[in-house]
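# Coordinate analysis (summary)
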Amino acid sequence: MDHNSSETKKVVTRFAPSPTGFMHIGGVRTALFAYLYARKNNGTFILRIEDTDKEREVPGSIDHIQNSLRWLGITWDYGPGMETPFGSCIQSERLPLYIEFAHKLIEKGLAYPDPYTPEEVAAFKETAIAEKRPFLIRDHRPESFCTWDGTKPLRLKVPEIKRYVWQDVVRGELSAGPEMLDDVVLIKSDGYPTYNFAHIIDDLLMGVTHIMRADEFISSMPKFLSIYDALEIPYPVFVTLPPILRDDRTKKLGKRDGAKDILDYRADGYLPSAMMNFLALTGWNPGTEQEVFSHDELITAFDITKIQKAGAAFNEEKLLWMNRQHLNLLTPEEFATFLTPAIPASFKSAPQYNNETLARLVPTIRERINTLTEFQAEVEHGEYDWAFTAPTYDTDILKWKNDTDVKQARPRLQKALELLKNADFSSSETIKATLWPYAEEVGKGELLWPLRVCLSGKVQSPDPFTLAYTIGQLETLARIQSACDKIGE
RNA sequence: GGUCCCAUCGUCUAACGGCUAGGACAUCAGGUUUUCAUCCUGAAAAUCGGAGUUCGAUUCUCCGUGGGAUCACCA
C-alpha cells in the first residue's frame, strides 16, 4: 500500500467540529489554518459537522459555528445543507456509509461485535489497574466472532500489533508503541460511528488531502493508522497544530479554563480581521518581521512549514494591540460604521446632542480606544460628557500649576474669548492658529490649561483646540464666559 | 503510573552549524507645543541544566529537569 501518494492532487482541507457548544480560540485557529492552506493552494475547504454523540450535542451549535466562521470571513466550499459530490456534510446524515465500511471490515475479519457488557469491560480494566499494567481490550478479544446484529458495539480487530511510525508536516517523524494500539469501537451500540472511524471514512470520501488538528490527537494516531491499514486506504498528510495555552501557560486553553466564545470578541468590539490576524500569529509566523496582515495577505503568506511545534500562550494584550492596528486601517467612514452600534442612548438624550457634534467627536474617540468595550467604559466614566453637556466643575481646577490664584486665569480666558469671537472654527488647526500667538506670549500652560478645563470640566481631556472644534463656536464662547463668571473678580 | 509531545526575553517569535542572539506585545525612561490619549525615540529583558559531536552548537545526539497531551460505546 502506498502511504506516500505524492502525486499532485488538488488540496482539500476540512474543519470538523462537533456541535457541542460555542467555538473558542483554539477551535477557530484550527479552522483558520485549514482554511488558509486550502485558499493558498486554490484548494477546497470543507466544513463538516461531527455530530455522532447525541448525548453531548447542544442545540443551535451548528448555527453558532457557522456564524463564528462567517464573522471571521472564513468561507467554506462545502458545508451543512449544501449540495456536494459526496453527500451530506453532517455525519448523522451519513450513517449508511459508515455501516457499509463497517461491513467491509467484518468481511475481512477485521471487525467484531464486542461480546462483553460495559460492566465486564469495567471489571477487566479494574484488574489491569490493580496489576499496574495498561488496560487493553484486545487482551480479551474472543476466539471467534459472532455475527453483528447492531446491538453490540463493533470493534476493530487491530490488523497488526506493532510500533507505528509516521510523518507529520510540523513535528517530523513521530512514533508510538503498541501499548497505544487497541481494538477501538468503530460503531457504537446506538448505531452511530465513533470519531475514530467516521472521520477516516469521511476524509476518504471527501478527498481530504491534509488533516489539520491539535496535538491532543497525537496519542490516538496509532489507532487511526490501524484503521487506515485495515481499510487499506492511503494516509492523508498530517499537520499537527500546537496547543493554545492559557495565558499563565499552566494548561491548554479550553472551555472550562476561561476560553471565551469567539463571538464574545465580536460583542466586545474586536474587528474580525484583527482576530484572524492574531490567531494566525499564534502558532505560526511568516518568517518576516511583518505582523499586521489583511485577510488576503495572510493567504499569500501562509506556509505550513512555519507552524510552531511548541504551545503558545494566549496573549490578550497583544490582541488588543492588534485590534488597534486594524482599527487604524479603517477609513473614517468605516470607523464610524463600526462605532455607531456602540453609541449609548445617553449620548442622544444629552442636552446638546446633535449629529454634527457627534461626527466631529468620532476622530477623538478613535484615537482613544482599542475596542468598543473600552469605548463604552470611557463613556460610563464620563470621558465624553463635555461633548454634549456643559461641564460642571470646581473653580479651583482652573488654576494653572504655576499660578498662585485661580483669578490669574480670568484675563487670559477673556482674551481668548475675544480672539475666538472672530475665529475660523472649521478645524482644530484653525482654532489653534488663532490662539497660538497669544498662548506663546502669555505662557502655554497659563492659557491652555484653564481654557481646556473650562471647556471639558476635567483635569484630563483632549486638547482645547479639539474641544472647541468639537462643541462649536457658540458653545465654546459660552463655556469660556461661564468660567470667567465663576472665577468672579 | 504507562505512552507520546514540547522547551530562545514575562508573552508571541526570528536566527543554511558561524557577526554583538533580531523583531513585536507588555514594562520602564525621555520627547512630541498645557493634562489624558495618540505618535516617536531609547532602555532593561532570553537560548532550562549536564555531557557528547565539531575549529565552532540556540541549532545535531544522549541523559536529566520542567511543562503539556493522552490513556471512553467523547470528539
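## Here's the deal with the packing of helix α8 (residues 272-281) against helix α10 (residues 316-328)
One can describe the packing of α8 onto α10 by two numbers: an axis separation of 8 Å at closest approach and a directional angle of 135°. Judged by the inter-axis angle, α8 sits oblique to α10. Viewed along their axes, α8 and α10 form a crossing whose handedness is right-handed. In contact with S273, A274, M275, N277, F278 and L281 of α8, α10 contributes K318, L319, M322, N323 and H326. The residue makeup of the contact of α8 with α10, split by class, is six nonpolar, four polar and one charged.

## Things to note about the packing of aromatic side chains
This model, assessed by the stated rule, comprises 23 aromatic pairs. Relative to F224, the ring of F217 has its centre 6.5 Å away and its plane inclined at 40°; by these criteria the two rings are tilted. F217 sits in the partly exposed class, given a relative accessible area of 22%. What makes F224 buried here is its relative accessible area of 0%.

## Regarding the domain arrangement of chain A
The domains assigned to chain A are domain 1 (5-244), domain 2 (255-328), domain 3 (330-387) and domain 4 (395-488). The centre of domain 2, based on its C-alpha atoms, is set 44 Å off from the matching centre of domain 4.

## A few points about the layout of surface pockets
Reported here for the largest pocket is a volume of approximately 1100 Å³. If you trace the largest pocket, you find 38 residues lining it, with P17, S18, T20, E216 and F217 closest to the centre. Those elements that place two or more of their residues in the lining of the largest pocket are β1 (12-15), α1 (25-40), α5 (195-205) and β8 (210-214). Here the element with the most residues in the lining of the largest pocket is α1; it accounts for four residues.

## Structural notes on the protein's contact with RNA strand B
Contacts to RNA strand B come from 63 residues, most closely from R171, K188, R368, K432 and W436. Close to the protein, within 4 Å, the atoms of RNA strand B belong to sugar or phosphate groups at a rate of 70%. Taking S189, its main chain carries an N or O atom lying 2.7 Å from a base oxygen of RNA strand B. Here a base nitrogen of RNA strand B sits 2.6 Å away from a polar atom, N or O, in the main chain of S461. Those elements that place two or more of their residues in the surface near RNA strand B are α4 (118-130), β6 (172-176), α5, β11 (312-313), α10, α13 (355-368), α17 (428-442) and α18 (444-456).

Cut-offs and rules
Residues numbered from 1 in each chain as written. Chains lettered and ligands numbered in written order. Predicted model: local features only at pLDDT ≥ 70, side-chain atom pairs only at ≥ 80, totals over all residues. Heavy atoms only, no water. Axes fitted to C-alpha atoms, helices over the stretch in contact; angles between N-to-C directions. Helix = DSSP H or I, 4+ residues; strand = E, 2+ residues; numbered from the N terminus. Parallel < 35°, antiparallel > 145°, perpendicular 65-115°, else oblique. Left-handed = near helix turned anticlockwise from the far one by under 90°. Contact = heavy atoms within 4.5 Å. Nonpolar A, V, L, I, M, F, W, Y, C, P; charged D, E, K, R; others polar. Phe/Tyr/Trp six-rings, centres within 6.5 Å; stacked < 30°, edge-to-face > 60°. Buried < 20%, exposed > 50% of the residue type's maximum accessible area, 1.4 Å probe, protein only. Domains from an automatic or database assignment. 1 Å grid on protein atoms, 1.4 Å probe; cavity = no way out; pocket = protein on both sides within 12 Å on 5 of 7 lines; lining within 4 Å. Points joined across faces, edges and corners; volume = space filled by probe spheres on them. Near = heavy atom within 4 Å. Polar contact = N/O pair within 3.5 Å; in protein donor to acceptor, adjacent residues only side chain to side chain.

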